[in-house]
Amino acid sequence: MTATINKTLLIIGAGGFIGGFIAAEGLRRGYDVWVGVRQSTSRRYLTDPRLKFVVFDYDDPDQVESTLLANAPSPHGWNDIIWNLGATKCADFSQFNLINFLYPRTFVELLRRNNMVPDKFLYVSSLSAVGPSDEKGYSPITSSTVPDPNTRYGLSKIKTETYLETLPDFPWIIFRPTGVYGPHEKDYLMMIKSIDSHFDFGVGYRPQLLTFIYVDDLVNAMFDALASDRTLRRKYIISEDRAYSQKEFRTMVAQELGNKWVVPVKLPLWTAYVASVACEKWGLLRGKPSTLNRDKFKIMKQRNWNCDISDARRDFGFTPRVSLREGIHRTVSAYLKEKGESR
C-alpha cells in the first residue's frame with residue numbers, strides 16, 4: 001500500500017494573533033505545517049510539537065533565500081503558502097511600505113527565482129485596501145469596488161495586491177478581511193476593557209456601520225479557499241454577513257460583562273484628530289507605535305464598513321458560523337478568565 005503524503009503548508013507571520021489559529025487549523029486539516037517566524041517572535045500560541053519552525057530575517061533577502069532552500073520539504077517548496085505577516089501600526093509610517101509591501105514582494109521574487117512557486121499563495125490583505133466607500137447610501141463594499149485607500153496601511157496593502165496581479169504565472173488568492181476579533185486580539189480588547197470601565201468611546205455623530213469576522217471563521221475560510229478549484233487569482237471580502245452599530249456592539253459586550261452600566265461618549269471628529277496626532281508624536285518620540293494615530297483616525301472616521309461576501313459564498317461555500325454575539329461571548333469569557341488569573 002502506498003503511504004499517504006500530507007500536503008505541506010508554510011505560514012509566514014505565524015506568531016501573531018491570527019497566526020496561531022492558522023497553524024492549529026492547518027494541523028487539524030492534515031497538513032504538515034511549517035511556521036515562519038522572526039528570531040524575536042513570541043511562540044506562546046505555537047506550542048504543538050508537530051509544528052516545524054523556520055526563522056527568517058526579512059530585512060536580509062540572502063538569509064531569506066538560504067533559509068527557504070534549507071527548510072523546504074522538497075526542491076519545489078511547499079504545496080501552499082499563507083502570507084499573514086503584516087504591520088497594522090507603526091511609529092514610522094515608512095515601515096508600512098517596508099513590511100506590508102517590500103517584504104512580500106521580495107519573498108515572492110525569491111520563490112519564483114528558485115522554482116518554489118506553491119500551488120496556491122494566499123495573501124492576507126485588509127478591507128482598508130479598499131478605503132472609504134458610499135458613506136451616504138451605505139451600499140455594501142464588494143470585490144469589484146474600485147480601491148481608493150486613504151491610509152498608509154491601506155496603501156501598502158493595495159500595492160502588494162497590485163504587484164501580485166502583475167504576475168501572470170503566480171497562483172495568488174487575496175483575502176480582504178474586515179475587523180478580525182477573538183481571544184488574544186488586542187485592539188478590540190482595548191474596547192472591551194473600556195466598556196468594562198463603564199465608558200464606550202465613539203468618533204463622529206453620523207451613523208456608522210461596523211462589520212466583524214471571528215478569527216475561527218476567517219481561518220476556516222482560508223483553508224476552504226485553498227481547497228477550492230475556483231479561487232485562483234481572485235479577491236475576496238471576508239466578513240460576517242451583516243453590519244452592526246456601535247450601540248449593538250456596546251450592548252453585547254456590556255451584557256457579557258454582567259450587564260454593566262456604560263456611558264457612551266461621542267467625540268467630535270476634530271478632538272479625535274487632535275488626540276491622534278498627539279499620540280502619534282508621542283509614540284514617535286518613544287520609538288513605539290501608538291494604537292491611536294492619524295491612520296487609525298481615518299479608519300475610525302470611516303462610516304461604512306458594510307460588506308458583500310457573495311463571491312466567497314459562491315466560490316468556496318463561505319458561511320460565517322460565529323455571530324458577533326457568540327464571538328463576543330467567547331472573547332469576553334477569555335478576557336475575564338485572564339483578568340481573574342492575573343489578580
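The structure under discussion appears in the preceding block.
First, a word on scope: everything that follows refers to the structure included in this document. Numbers given for residues are sequential positions, taken from 1 along each chain in its written order. Whole-chain, interface and lining totals are the exception, using all residues; otherwise, since this is a predicted model, local features are given only for residues with pLDDT of at least 70 and side-chain atom pairs are given and counted only at 80 or more. Here the side-chain values reflect all heavy atoms present in the structure, with hydrogen atoms and water set aside.

With respect to the overall build of the protein
Our working rule: Strands are runs of DSSP state E lasting at least two residues, helices are runs of H or I lasting at least four, and both sets are numbered from the N terminus onward. Two things to know: the radius of gyration comes from C-alpha atoms, and the globule rule equals 2.2 Å times the number of residues to the power 0.38. Accessible area is worked out with a 1.4 Å probe on protein chains only. A residue is then buried under 20% of its type maximum, exposed over 50%, and partly exposed in between. Note on contacts: a residue pair qualifies if any of its non-hydrogen atoms lie within 4.5 Å across the two residues. Where accessible areas are quoted, they stem from the Shrake-Rupley method and a 1.4 Å probe; at the residue level, only the protein chains shown are allowed to cover. Only four residue types enter the charge count: Lys and Arg as positive, Asp and Glu as negative, with His and the chain ends excluded. Note that the charge is assigned to NZ on lysines, CZ on arginines, CG on aspartates and CD on glutamates.
A tally of regular secondary structure across the protein gives 11 helices and 11 strands. For the protein, the C-alpha radius of gyration of 20 Å lies close to 20 Å, the compact-globule estimate for 343 residues. The buried share among the 343 residues of the protein stands at 49%. In the protein, 78% of the contacts between residues at least 6 apart in sequence involve partners at least 24 apart. When the accessible surface of the protein is split by element, carbon and sulfur atoms take 54% of a total near 16200 Å². When the 46 basic and 38 acidic side-chain charges of the protein are each reduced to a single mean position, those positions are 5 Å apart.

Things to note about the nonpolar core
Defined as follows: Buried Ala, Val, Leu, Ile, Met, Phe, Trp, Tyr and Cys residues that are joined via side-chain atoms within 4.5 Å together make up what is termed a nonpolar core.
If you look at the biggest cluster of nonpolar residues, it comprises 60 residues, and the most contacted ones within it are F175, M222 and I238. Broken down by element, this core gets its largest block of residues, 8 residues, from helix α6 (residues 215-227). The residues contacting I238, other than those within four sequence positions of it, are F175, R176, P177, T178, I213, L218, A221, A312, F316 and F318. Formed by 34 residues, the second largest nonpolar core is a distinct cluster that contains W34, F56, F101 and M116.

Describing the pattern of salt bridges
Working definition: two side chains of opposite charge can pair if their charged atoms are close together. As a reminder of what qualifies: The rule for a salt bridge is simple: a side-chain nitrogen of Lys or Arg has to be within 4 Å of a carboxyl oxygen of Asp or Glu.
Under the definition given, this model contains 22 salt bridges. We note a salt bridge from D80 to K7, for which the minimum N-O separation is 3.3 Å. Taken together, the residues span a long stretch of sequence, with D80 in strand β4 (residues 80-83) and K7 in the segment before β1 (8-12) at a distance of 73 residues.

With respect to helix α7 (residues 246-256)
Along α7, the residues classified as buried are Q246, F249, R250, M252, V253 and A254. Phi for G258, located one or two positions after α7, is positive at around 100°.

Quick word on the side chain of D80
Filter applied, for reference: Here a polar contact is recorded for every N or O atom pair within 3.5 Å, except that within protein the pair must consist of a potential hydrogen donor and a potential acceptor, and residues adjacent in sequence are included only if both atoms are side-chain atoms.
By relative accessible area, which is 0% here, D80 ends up buried. A polar atom in the side chain of D80 sits 3.3 Å from the side chain of K7. Not counting the four nearest positions on each side in its chain, D80 is found in contact with K7, T8, L9, L10, Y31, P118, D119, K120 and L226.

Concerning a nonpolar patch on the surface
Where we set the bar: Within the patch definition used here, like charges are joined within 9 Å and nonpolar side chains (Val, Leu, Ile, Met, Phe, Trp, Tyr) within 5 Å, considering only residues with over 30% relative accessible area and no salt bridge.
Together, F199, F201, W261 and V263 give the surface a local cluster of nonpolar side chains, amounting to about 420 Å² of exposed area. Summarising the element assignment, F201 is placed in strand β8 (residues 199-203). Here F201 falls in the partly exposed class, since its relative accessible area comes to 48%.

Some words on the sheet that holds strand β10 (residues 234-238)
Put simply, the rule reads: The pairing criterion is simple: DSSP has to find at least two bridges between the two strands. Helix axes are fitted only over the stretch in contact, all axes being lines through C-alpha atoms; the angle between N-to-C directions runs from 0 to 180 degrees.
Across the sheet, 7 strands lie side by side as β3-β2-β1-β4-β5-β6-β10; this open sheet has parallel pairing. Among the strands making up the open sheet, the edge pair consists of β3 (52-55) and β10. With direction set aside, neighbouring strand axes in the sheet form an average angle of 20°. As judged from the 4 bridges shared by β4 and strand β5 (residues 120-124), these two strands associate in the parallel manner. Paired with W83 across the two strands is Y123, which belongs to β5.

Keep in mind these numbers describe shape, not what the thing actually does.
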